[in-house]
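Per-entry structural report
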Amino acid sequence: MTETATTVRKPILYSGIQPSGNITLGNYIGAIRNFTLLEKDYDCLFAIVDLHALTVRQDPAALRRNTAELTALYIASGLDPVKNIVYCQSHVPQHAELTWILSCFTYMGELNRMTQYKEKSAQHTDNINAGLFTYPVLMAADILLYQTNVVPVGGDQKQHLEITRDIAQRFNGVYGNVFVVPEAYIPKETARIMSLSDPTRKMSKSDPEDSLISLLDDAAAVRRKIRRAVTDSEAEILFDPEKKPGVSNLLSICAAMTGTTPETVTASFQGMGYGELKEATAEAVIAGITPIQERYKELVSDKTYISGILKSNAERARALAQRTLGKAQKKLGLYQI
Ligand code: TYM
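Residues numbered from 1 in each chain as written. Predicted model: local features only at pLDDT ≥ 70, side-chain atom pairs only at ≥ 80, totals over all residues. Heavy atoms only, no water.

Digging into the overall build of the chain
- Summing up its helical and strand segments, the chain has 13 helices and five strands in all.
- Relative to its length of 337 residues, the chain is compact, with a C-alpha radius of gyration of 21 Å against a globular reference of 20 Å.
- Considering only C-alpha atoms, the chain reaches an extent of 70 × 45 × 40 Å along its principal axes.
- Looking at the chain alone, contacts between residues at least 24 apart form 76% of all its contacts between residues at least 6 apart.
- Carbon and sulfur atoms make up 54% of the accessible area of the chain, which totals about 15900 Å².
- Here the chain carries 37 positive and 37 negative side-chain charges, and the mean point of each set is 5 Å from the other. (Helix = DSSP H or I, 4+ residues; strand = E, 2+ residues; numbered from the N terminus. Rg over C-alpha atoms; globule rule 2.2 N^0.38 Å. Contact = heavy atoms within 4.5 Å. Areas by Shrake-Rupley, 256 points an atom, 1.4 Å probe, with all protein chains shown as cover. Lys, Arg positive; Asp, Glu negative; His and termini not counted. Charge placed at Lys NZ, Arg CZ, Asp CG, Glu CD.)

Below, the structure written as structure tokens:
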């Protein structure tokens, strides 16, 4: 991300994942895979958003381990941590500082409308904390600190991107062009990978083991889980997410893992049964995740390497973040010393 007189700066891409447990095939297809496809055209930052993970109670040792594992997984998936900035959110204090400022430009009514807040507060009735409510403001700070142009995420984050844009526009409307107003990148085909046991709900890290595929599952587990995936009582392979959510989910997974479309996969399975579709989907997933796992195993055991990457990238991120934070503080009239 260094700028010289001869290099033309690329647009900026930013995304993040919470280190809150199993990284799922949903995270991979909805997010990580797109990062690897877009990486070469952008200057990228990929964050391990550990502060966001605190909105749900975390075991400290598990959080530390998950942070190192997600770092290794980003790199194992093909993201170059020297060319890009792969870093941990809590290592850059500017995120928390800008969050406070932006929260003064965010309305309670806007946050109240967030479906993720409504869902999570229904799931965790014993811990409806203020962080869960202001989660989107921290996410807006993440994105806006780096003058981000594009944010690749799954469909569940669309509303958070919209509020980020609204906050940026509101701030810029008063103080001039402090923030770039980012665009979401949410391809329709990969926006929502569904749970294998209940294909009307999205696949989620916190779901029971059999309803999700972890990026670290071995081949036998992938085959077993996909074989047991809920479909329907018909026998026709059709892509219709409303009427046939289970079969359509398998078609989406198979298409994403083979770099094609659900329609193409559907056409290639005409006259065949669900068993064959499941088998092909499992093999496509295994072929996609096995090389990642091999590289991951080498990386994750090298604690010095992982810490070194996080340390040097935190420094790079801090320098960029401070530029934007300083500009916002100055515009607001916070006394400069
Ligand atoms: P997280 O960790 O919940 O999800 C990480 C990414 O995975 C996508 N995703 C899915 N995509 C398709 N199908 C699914 N079943 C599925 N499940 C998850 C999510 O949409 C997300 O892209 N709030 C973010 C983390 C974040 C962030 C940011 C993202 C914090 N700050 C700034 C972008 C920019 C989240 O949902 O994390």
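Regarding the side chain of E110
- Inspection of the secondary structure puts E110 in helix α5 (residues 108-112).
- Of note is the side chain of E110, whose polar atom sits 2.9 Å from the backbone nitrogen of Y107.
- Ignoring anything within four residues of it in the chain, the contact list for E110 reads I163, D166 and R170. (Polar contact = N/O pair within 3.5 Å; in protein donor to acceptor, adjacent residues only side chain to side chain.)

Focus: the site of the ligand
- In the region of the ligand, 27 residues are neighbours, and Y135, D142, D156, I193 and K205 sit closest.
- One of the side-chain nitrogen or oxygen atoms of D156 is found 2.4 Å away from an oxygen atom of the ligand.
- K205 is positioned such that a nitrogen or oxygen atom in its side chain is 2.4 Å from an oxygen atom of the ligand.
- Computed on the free molecule, the ligand has an accessible area of 710 Å², of which 97% lies beneath the protein chains in the complex.
- Contributing elements (two or more residues each) for the shell around the ligand: β1 (12-17), α1 (25-38) and α7 (130-145).
- Looking at the shell around the ligand residue by residue, the classes come out as 12 nonpolar, 10 polar and five charged. (Near = heavy atom within 4 Å. Nonpolar A, V, L, I, M, F, W, Y, C, P; charged D, E, K, R; others polar.)

Comments concerning the pairing of β1
- Counting buried positions along β1 yields five of six residues, so the element is predominantly enclosed.
- Pairing analysis gives six bridges linking β1 to strand β2 (residues 43-48), with the strands arranged parallel. Bridge pairing links L13 to C44 in β2.
- After leaving β1, the chain enters α1 and then returns to the sheet as β2, a path that is right-handed. (Buried < 20%, exposed > 50% of the residue type's maximum accessible area, 1.4 Å probe, protein only. Pairing = 2+ DSSP bridges. Right-handed = clockwise from strand over helix to strand, strands pointing away.)

Things to note about the packing of aromatic side chains
- In total, this model carries 11 aromatic pairs according to the counting rule given.
- Measuring from ring centre to ring centre gives 6.4 Å for F35 and Y74, while their planes differ by 40 degrees; the resulting arrangement is tilted. Here F35, found in helix α1, pairs with Y74, found in helix α3 (residues 60-76); they are 39 residues apart in sequence, far enough to count as distant.
- Each member of the aromatic cluster is reached from another via a ring pair, and the members are F105, F171, Y175 and F179. (Phe/Tyr/Trp six-rings, centres within 6.5 Å; stacked < 30°, edge-to-face > 60°.)

Structural notes on unusual backbone geometry
- Of note in the backbone geometry, Q147 takes a positive phi value of approximately 55 degrees without being a glycine.
- Mapped onto the elements, Q147 comes out in the loop between α7 and β4 (150-152).

Describing the environment of L334
- Turning to its location among the elements, L334 is positioned in the segment after α13 (303-332).
- A C-alpha to C-alpha distance of 40 Å links L334 and P187, two positions 147 residues apart in sequence.

Observations regarding the pattern of salt bridges
- Tallied over the full model, the rule gives 17 salt bridges.
- The salt bridge partner of R223 is E283, with a shortest N-O separation of 2.8 Å. Taken together, the residues span a long stretch of sequence, with R223 in helix α9 (residues 219-227) and E283 in helix α12 (residues 274-300) at a distance of 60 residues.
- The partly exposed category is assigned to R223, whose relative accessible area is 31%. (Salt bridge = Lys/Arg side-chain N within 4 Å of Asp/Glu carboxyl O.)

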